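So the chains spell out like this:
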Amino acid sequence: MKSYIYVLFFCFISFLTGCDNSGEEIDSGYFTLGVSYLTEGISDDYVVKFDGEEVTNKSLLYIKRKDAEGLLEVFKKGSTKPELSQEMTIDSDNEEIRLILTKGEKIDIYKKENYTTFNLNISYSGSADLYEAVFNGVKLNKNGENYIKTEDGLTGNLQIYKDGIESPVFSQEMTILENGSTTINLIQLSDIEFLSVPSDDESAPESNRYTKLRFFYTSDALPGVERIKIIIYEWTNFTELGSVEMEVGQLSAYQTIDWNLVGNGGGLCQDIIDLTNGEPGVKIVDSMTNFDAAITIDPNRYKFATARLGTGGIVIAGVNALCTSW
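In this text, all values refer to a predicted model and were calculated from it rather than measured experimentally.

1. Things to note about the overall build of the chain
- Summing up its helical and strand segments, the chain has 1 helix and 26 strands in all.
- For the chain, the C-alpha radius of gyration of 32 Å lies well beyond 20 Å, the compact-globule estimate for 326 residues.
- Dimensions of the chain along its principal axes, counting C-alpha atoms only, are 120 × 50 × 30 Å.
- Within the chain, the proportion of its 326 residues that are buried is 40%.
- Sequence separation of 24 or more characterises 57% of the internal contacts of the chain that already satisfy a separation of 6 or more.
- In the structure as shown, the chain presents an accessible area of about 18,100 Å², 48% of it carried by carbon and sulfur atoms.
- The distance from the centre of the 27 positive side-chain charges to the centre of the 50 negative ones in the chain is 3 Å.

Next up, the structure:
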């Protein structure tokens, strides 16, 4: 009988010891902490520490579970004063801190509920490294997804700066939609010119009998001319096919061209009316007297075409990157 009591006692002691060891294993485990940057090009500008231990975007910091509560600090490299300091608790095996620059070049921890996302697509003709895009004072990633702190405001100016030039080479007021659906498309026209190409839901024409054609011009093409009207003609018999109006640096609405109204071997030409001072305006290109006036779009080739006015508005040519073939 005594032997049975000794065996039971030994098993009970072993059970308690096992429970205690299990608790020690849990307490002695580790969390990992990493850091990433949602704003391009700033990872080398900051030092991140958790309870005095540095964590980088290239290596994880291992933190004992029992030490999961601590002080997170973000320093500008070379500074001993933190730009961000807050108590935090690590509560997952693979914790990641996502840092982002906000208005006024302030560093912040990204939390999805505090930010609105949008996409920025810029087609550069030269080196993108020479330019910086900014919205309401917030530095943007040149292409792809961007984040704006919602409380800082979603209406403002999108600006592009070029190295060595103090004022922006592009500036346009716009509103970012809070639902995250905003996409901004820009195409570079020259060293200091960009064109905003808005996303649209324009329906395609029903067949290659038609092309939907739109226009734009820049200040060097028509100096001092702030607004124009283009009247489109078939150039062999001067049948009017339609007209559009636009401001400098902006796209016009689409005008549908019916190629069945253009004779064999024919093409398009234009009158241009300067509307800077309002209607009726001043004719600055007259297709009846200037036989070089031409819109060089191939008949029946495109669903959508975007054309740019050359110097003086005499020749208007399609921009390949902004034309969609059948």
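2. Remarks on the sheet that holds strand β9 (residues 115-123)
- With respect to topology, 4 strands assemble into an open sheet ordered β12-β9-β15-β16, the strand pairing being mixed. Pairing within the sheet leaves two strands with one partner each, and these edge strands are β12 (144-149) and β16 (193-196). Strand-to-strand, the axes of this sheet are offset by a mean angle of 35°, without reference to chain direction.
- Across 6 bridges, β9 lies against β12 in antiparallel orientation. Residue L120 lies in a different strand from β12, and its bridge partner there is G144.

3. Points about the pairing of strand β5 (residues 69-76)
- Judged from the 5 bridges that link them, strand β2 (residues 46-50) and β5 form a sheet pairing that is antiparallel. Counterpart to F50 in the pairing with β5 is L72.
- Across 7 bridges, the pairing between β5 and strand β6 (residues 82-89) is antiparallel. Its bridge partner lying in β6, L72 is registered against Q86.
- If you look at the hairpin formed by β5 and β6, you'll find 5 residues sitting between the two strands, and G78 has a positive phi there, around 95°.

4. Focus on the pairing of strand β13 (residues 155-162)
- Relative to β13, strand β10 (residues 131-135) is paired through 5 bridges, and the arrangement is antiparallel. Bridging from a neighbouring strand, V134 pairs with Q159 of β13.

5. Quick look at the environment of Y161
- The residue Y161 is located in strand β13 in this model.
- By relative accessible area, Y161 is classed as partly exposed at 25%.
- Counting along the chain gives 27 residues from Y161 to V134, while the straight-line C-alpha distance between them is 8.0 Å.
- For Y161, the residues in contact, after removing those within four places along its chain, are L130, Y131, E132, V134, E166, S167 and P168.
- Side chain to side chain, Y161 and Q159 meet in a polar contact 3.3 Å long.

6. Details of the nonpolar core
- Counting 26 residues, the largest nonpolar core has L213, F215, I228, I230, L268 and L309 as its most contacted members.
- Breaking this core down by element, the ones donating at least two residues are β17 (210-216), β18 (227-234), β19 (239-247), β21 (268-274) and β24 (302-309).
- Broken down by element, this core gets its largest block of residues, 4 residues, from β24.
- Sequence-distant contacts of I230, defined by excluding residues within four places in its chain, comprise F215, G242, S243, V244, M246, Q270, D271, I272, L309 and I316.
- Ranked by size, the runner-up nonpolar core spans 22 residues in total, among them F31, V48, M88 and I97.

7. Some words on the side chain of T182
- Inspection of the secondary structure assignment puts T182 in the loop between β14 (170-175) and β15 (183-190).
- A polar contact is formed between the side chain of T182 and the backbone nitrogen of L177, at a distance of 2.8 Å.
- Leave out the neighbours within four places in its chain, and T182 touches F118, N119, T175, I176 and L177.

8. Observations regarding a negative patch on the surface
- A cluster of acidic side chains, namely D51, E53, E69 and E87, defines a negative patch on the protein surface.
- Inspection of the secondary structure puts E69 in strand β5.
- A residue is classified by how much of its surface remains accessible, and E69, at 62% relative accessible area, is exposed.

9. Some details on the packing of aromatic side chains
- Applying the stated rule across the entire model yields 8 aromatic pairs.
- For the pair Y131 and F194, a centre-to-centre distance of 5.5 Å together with 80° between the ring planes defines the contact as edge-to-face. You can see Y131 sitting in strand β10 and its partner F194 sitting in strand β16, a full 63 residues away along the chain.
- The class of Y131 is buried, set by a relative accessible area of 3%.
- Taking the centre distance of 6.4 Å and the plane angle of 65° together, the rings of Y233 and F238 count as edge-to-face.
- Of the residues examined, Y233 reaches a relative accessible area of 13% and is grouped as buried.
- Given the relative accessible area of 28%, F238 is considered partly exposed.
- Among the aromatic residues, those joined into a cluster by ring pairs are Y110, Y115 and Y147.
- The side chain of K49 reaches across the aromatic face of F75, ending 5.7 Å from its centre.
- Over the ring of F31 we find R65, and its NZ or CZ is 4.6 Å from the ring centre.

What counts and how
- Residues numbered from 1 in each chain as written.
- Predicted model: local features only at pLDDT ≥ 70, side-chain atom pairs only at ≥ 80, totals over all residues.
- Heavy atoms only, no water.
- Helix = DSSP H or I, 4+ residues; strand = E, 2+ residues; numbered from the N terminus.
- Rg over C-alpha atoms; globule rule 2.2 N^0.38 Å.
- Buried < 20%, exposed > 50% of the residue type's maximum accessible area, 1.4 Å probe, protein only.
- Contact = heavy atoms within 4.5 Å.
- Areas by Shrake-Rupley, 256 points an atom, 1.4 Å probe, with all protein chains shown as cover.
- Lys, Arg positive; Asp, Glu negative; His and termini not counted.
- Charge placed at Lys NZ, Arg CZ, Asp CG, Glu CD.
- Pairing = 2+ DSSP bridges.
- Axes fitted to C-alpha atoms, helices over the stretch in contact; angles between N-to-C directions.
- Polar contact = N/O pair within 3.5 Å; in protein donor to acceptor, adjacent residues only side chain to side chain.
- Core = buried A, V, L, I, M, F, W, Y, C linked by side-chain atoms within 4.5 Å.
- Patch = residues over 30% accessible without salt bridge, like charges linked within 9 Å, V, L, I, M, F, W, Y side chains within 5 Å.
- Salt bridge = Lys/Arg side-chain N within 4 Å of Asp/Glu carboxyl O.
- Phe/Tyr/Trp six-rings, centres within 6.5 Å; stacked < 30°, edge-to-face > 60°.
- Lys NZ or Arg CZ within 6 Å of the ring centre and 35° of its normal.

By themselves, these figures tell us nothing about what the structure is for.
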